[in-house]
Amino acid sequence: MPMADVFENILGQPQVREFLRSTVRSGRLTHAYLFTGPAGSNKTLAAYALAQATLCETSAVGCGECETCQRIARKKHPDVRYYAPEGVGGYLVEQIREIVSDVSLAPIQAKHKVYILDRVDLLGVAAANAFLKVLEEPPADVLFILLGRTAESVLPTIVSRCQVVPFRHIPATEAAGILSQNTGATLEQARIAIEACGGSLTRGVDFLKSHEHMSFRAEILEVLASLEHADDWDILEAAAKLVTASKAPLDLVRAAQEEELAENADFLAKSAIRQLEARNKRQLTAKSLEALHELVTIVRSWLRDVLALCAGTPELVINVDVRNTLENVAAHTDEARVAKALAATTHADVAISYNVSPETCIDALLFEVKTALFEQGSELRTTKAARTVLR
């Protein structure tokens, strides 16, 4: 029986798994890859697995056990850099220039450096132009792994310089089965986790293992259950409570970052420490946004369950642990009103992506959901209007 490797963890993508495994075994790695596929298709996990296989000093396909592999898995290796768009509309030119400048520097610990750029479908023309030359002719010790939704959504000048690796969509039912099989969770628990994490298997695994995430979900569902009889002040307090709860997992991330900096402070140059600090700041920002999007996703999942009950399809309910609440809400609303509430979750997701303050986003979301579900005929109230009334 062949020894397990880091690619075994790329769940739901057997063809990708075999392609990457055979590529690194044969030594045919190219300098740049473009992983394409929908959210939740395990592209990011695959990128880190490829980084492990590239930097691992024990196995050609990544042992997953050595210090290097472990640091990469924990996203703490200084030579594996992850980037995501920091601008409202996508990548900033300054971000790309920072990457281009960094590429010319020698690795800090390993023999190679790996750059993972998420959502390159949000790489605009100006930013792409700043990136093209280094993408085409990077130093021999650099590997680029770009992640995008579809090849068509990425600029052709970027696509033409990469080996494209397509990831398939994993249906929610299949994803829940894979998650249940690999974690020991019940199928119902796995379905809840997959739904809460927007279909992502990787995040679903973390969700089931994390007490903080489970508690966060419970708080969100408790607030939703109380919306019908909540007044304006109750909603403002509930929103503040949820925003505070969304930050709880960040404390663990921040503590781990501080520990890593303390461990490396004695042997890393000041420039390398600054790089780590900058990376840590980006990671905290990304985790904060992820938590807020998770909040909205859980609200959306709850609303879809209410819609399923209103439509007479109770077998589609995901959040079965709060079925009684869902049935009570469904008895006091209808499909059209639930559809309006679901639209509010889309508005909230967009606002969060545009860096609107979390408190404002969640205030507005809860007010709009309450109004849409329970106050037929009245206009949707915004947070600003509600606060004006309170004054």
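As a reminder, the structure under discussion sits directly above these lines.
Residues numbered from 1 in each chain as written. Predicted model: local features only at pLDDT ≥ 70, side-chain atom pairs only at ≥ 80, totals over all residues. Heavy atoms only, no water.

A. How the structure looks around the overall build of the chain. Within the chain one finds 17 helices and 5 strands. In terms of its C-alpha atoms, the chain occupies a principal-axis envelope of roughly 65 × 50 × 40 Å. A total of 391 residues make up the chain; the buried ones form 49% of that total. Long-range pairs, those at least 24 residues apart, make up 70% of the contacts in the chain with a sequence separation of at least 6. For the chain, the exposed surface amounts to about 18,500 Å²; the carbon and sulfur share of it is 54%. (Helix = DSSP H or I, 4+ residues; strand = E, 2+ residues; numbered from the N terminus. Buried < 20%, exposed > 50% of the residue type's maximum accessible area, 1.4 Å probe, protein only. Contact = heavy atoms within 4.5 Å. Areas by Shrake-Rupley, 256 points an atom, 1.4 Å probe, with all protein chains shown as cover.)

B. Structural view of the side chain of His-213. The topology assignment puts His-213 in helix α10 (residues 211-226). The class of His-213 is buried, set by a relative accessible area of 18%. In contact with His-213, other than residues within four places in its own chain, are Asp-206, Phe-207 and Glu-294.

C. Structural detail: unusual backbone geometry. Within the chain, Asn-42 stands out as a residue other than glycine whose phi angle is a positive 75°. With a phi angle near 60°, Lys-75 is a residue other than glycine that sits in the positive phi range. Structurally, the position occupied by Lys-75 is in the loop between α3 (67-73) and β2 (80-83). On the basis of relative accessible area, Lys-75 is assigned to the partly exposed category, the value being 36%.

D. Fine view of the pattern of salt bridges. Under the counting rule described, the total for this entry stands at 17 salt bridges. Among the salt bridges present, the one from Lys-113 reaches Asp-102, with a minimum N-O distance of 3.7 Å. Taken together, the positions of Lys-113 in strand β3 (residues 113-117) and Asp-102 in helix α4 (residues 93-103) put the pair 11 residues apart, joining distant regions of the chain. Considered together, Lys-113 and Asp-102 belong to a single accessibility category, that of buried residues. The salt bridge involving Asp-349 is made with Arg-300; its shortest N-O contact spans 2.6 Å. (Salt bridge = Lys/Arg side-chain N within 4 Å of Asp/Glu carboxyl O.)

E. Spatial organisation of the pairing of strand β1 (residues 32-36). With 5 of its 5 residues buried, β1 lies for the most part within the structure. On β1, burial covers both faces: Ala-32, Leu-34 and Thr-36 on one face and Tyr-33 and Phe-35 on the other are all buried. In the sheet, β1 pairs with strand β4 (residues 142-148) via 5 bridges, with the strands oriented parallel. Looking across to β4, one finds that Thr-36 is bridged to Gly-148. (Pairing = 2+ DSSP bridges.)

F. Fine view of the sheet that holds β3. With parallel pairing, 5 strands are arranged side by side in an open sheet as β2-β3-β4-β1-β5. Both outer strands of the open sheet, β2 and β5 (163-166), are each paired with one neighbouring strand and no more. On average, each strand axis in the sheet is inclined to that of its neighbour by 20°, with strand direction left out of account. In terms of strand pairing, β2 meets β3 through 4 bridges, oriented parallel. Bridge pairing links Tyr-82 to Ile-116 in β3. Its contacts with the sheet place helix α2 (residues 43-55) against β1, β2, β3 and β4, and it is angled at close to 170° to β4. Against the sheet, α4 engages β2, β3 and β4, with an angle of about 170° to β3. (Axes fitted to C-alpha atoms, helices over the stretch in contact; angles between N-to-C directions.)

G. Layout of a nonpolar patch on the surface. Together, Val-350, Tyr-354 and Val-356 make up an exposed nonpolar region whose accessible area comes to about 260 Å². Relative to the elements of secondary structure, Val-356 occurs in the loop between α15 (335-353) and α16 (358-374). (Patch = residues over 30% accessible without salt bridge, like charges linked within 9 Å, V, L, I, M, F, W, Y side chains within 5 Å.)

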